[in-house]
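Chain and residue survey
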Amino acid sequence: MDTDKLYNRFRARQNSREVIEEVLQLLTEMSVGKDSKGKEIDIKLPTLKFTEDWGKPDNEDRERIERYMRNIQGTDLETKLANLNGILDGSVKDAGVGTILSTLIMIEILSTLAGDEREFTESAAGFIFEGFLAGLFGDSSVQITDVDKEAEGAQTGKPITDVILDGRHYSLKLLGPNTALKGSWTNMVGHFEDPSTNGEIIYLDARRQDGGLNFSEFRITLRDYMKIFSDPFKKYEKASTRDITVSVEELIPALEQLQASRRKEGQGARLKAIRVKGEKLPKEAGLLSVFTPRNQDERGTVQSLTNYINQVLQDPAAVEALQAVKFEIEYQQQKDITTSKIVQRLFGSREQYDKVAAAIQKGTDAEIIAALKETAGFKTKGGTGGAQFIFTKKQAEELAGAKQLGWIPLGEKALKEVWKNYAEMLLTTIDPVYRNLQEFTDNIDQFFLGSGEKGAKGKGNRRSFADAAIREAKELRAATDKAIKIVIAEPEK
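Definitions and limits used
- Numbering of residues starts from 1 in every chain and runs along the sequence as written.
- Selection of residues for local features in this predicted model requires a pLDDT of at least 70, selection of side-chain atom pairs for listing and counting requires 80 or more, and totals for whole chains, interfaces and linings are taken over all residues.
- To obtain the side-chain values, all non-hydrogen atoms of the structure were used and water was disregarded.
- Stacked, tilted and edge-to-face pairs are distinguished by plane angle, under 30 degrees for stacked and over 60 for edge-to-face with tilted covering the rest, among Phe, Tyr and Trp rings (Trp via its six-membered ring) whose centres lie within 6.5 Å.
- What counts as a helix is a DSSP run of H or I of at least four residues, what counts as a strand is a run of E of at least two, and both are numbered from the N terminus.
- Using a 1.4 Å probe on the protein chains alone, a residue whose accessible area is under 20% of its type maximum counts as buried, one over 50% counts as exposed, and one in between counts as partly exposed.
- The criterion is that NZ of a Lys, or CZ of an Arg, lies within 6 Å of the ring centre and within 35 degrees of the ring normal, and then a charge sits over that ring.
- Note on contacts: a residue pair is in contact if any heavy atoms of the two residues lie within 4.5 Å.
- For two strands to count as paired, DSSP must find a minimum of two bridges between them.

Moving on, we get to the packing of aromatic side chains. Scanning the entire structure with this criterion turns up 16 aromatic pairs. With a centroid separation of 5.2 Å and 5° between ring planes, the pair formed by Y203 and F218 is classed as stacked. One end of the pair, Y203, is in strand β5 (residues 201-209); the other, F218, is in strand β6 (residues 212-220), with 15 residues separating them in the sequence. Given a relative accessible area of 1%, Y203 falls into the buried group. You can call F218 buried: its relative accessible area is 3%. Measuring from ring centre to ring centre gives 5.1 Å for F347 and Y353, while their planes differ by 65°; the resulting arrangement is edge-to-face. Grouping residues by exposure puts F347 and Y353 together as buried. The rings of W185, F192, Y203, F218, Y225, F229, F233, F347, Y353, F389 and F391 are connected pair by pair, giving a single aromatic cluster. Above the face of the F137 ring, K80 is positioned so that its terminal group lies 5.5 Å from the ring centre.

This is how it looks when you write it as structure tokens:
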């Protein structure tokens, strides 16, 4: 199929319905965004100015990015990503032209910031990404670039909060596939000293992965400080211990004690299994003879086991059958966490670690902050805001409360997939308008500049560019009129 002739027929408005059907057939036959001659599909989209003003409410650039993003439906990022993927994979059959255009623009922006052929340095891309997220959520969402002098406390440099989205404080990280997550220990403490933060910070990570961006998040509060900044650095003895033998009635209290009370001097234990000691378990008991936690999340916790055992204990016959049974709890003893170099760098001595843990368990927020200000990481001097906390990719994924929000593809392949899924609408609305607009703009530029190439033959003069601009203006008007009729006919959503 001669795509050049096909395109010329479409531009000349000859048998447009027939042309569209041929184009749809062509797109179905394409592989990796190329036509039968190996020519790349040329997708025309609005030209956007990447600017730091996206993160500031009430300016022209912010209004424009909000206008482009308002059709990405959802009140939170997880829902927005799910709706975005519905357009990207073509599962939304009745998508309107506005939703499709917003999707194309968002993928184009993120591809420019974080795609394989990204055009910005890592720091510049991260800064613009923050502003983009503020624009995506719109309303009063704002990018934070400086420490509030009235609430900065001991903070230095850039604050922990990068953006405030829908009233909640976020720290955004645009990361490579295996990049560690870092932050200032001093500024983290200062963040919680500021009452305007509502006692939380949400870390939102966008990590380049498999040709796209994978989004995840976790939340930090003062009360779960140790879960975030201590638990990831726990290490356990390789050998297992089996020195706890209990009856069925004693099983749940023993599990709870194993989890809660074996924390003296920063030490705990991790559950490995529950076994029946001695004789076989009676069949009518309803319990497995060996219980091993199925995944990492269940290790060191007792919730799933407690629920399971409580269910069994509701059956009088099972309770009676279990009276003579003894259960053996197998666990791994945790090594003293305060021997960890990372924990020593952040907390300092074992004594200070215990003071922070005690304040979190029984103290007020003010007492927790006071204890954190006495840690080694807070007292470390430096232009980066004291000591840095560092999480590997794996540690960040396994933090308490970590949540996967979704993955979206980036780059030309993703754009062309949308183009293929919604070709008929795009070929009759977005493409002709923006294609004519770009050619009109190019000819106007050449007209005013008075020099340049015209086609493949020599240099054109101003008059030739003016004539071309006039023709493009007429075609732009015709394309716009046609697009208006199609878009106006769409049902309101």
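In this fold, T112 is placed in helix α5 (residues 97-114). Given a relative accessible area of 8%, T112 falls into the buried group. Residue contacts for T112: discarding those within four places in its chain leaves F50, R118, E119 and F120.

The next thing to look at is the pairing of strand β11 (residues 388-391). Here β11 shows one buried face, formed by F389 and F391, and one open face, formed by Q388 and I390. Taken together, the four bridges between strand β4 (residues 181-184) and β11 define a ladder with antiparallel strand orientation. The partner of G183 across the bridge, within β11, is F389.

The element strand β10 (residues 326-333) is largely enclosed, with a buried count of six among its eight residues. Across four bridges, the pairing between strand β7 (residues 241-246) and β10 is antiparallel. In the strand pairing of β10, T241 is matched with Y331. Of the pairings in the sheet, the one linking strand β8 (residues 269-277) to β10 comprises eight bridges and is antiparallel in character. When the sheet's bridge partners are listed, R275 is paired in β10 with E328.

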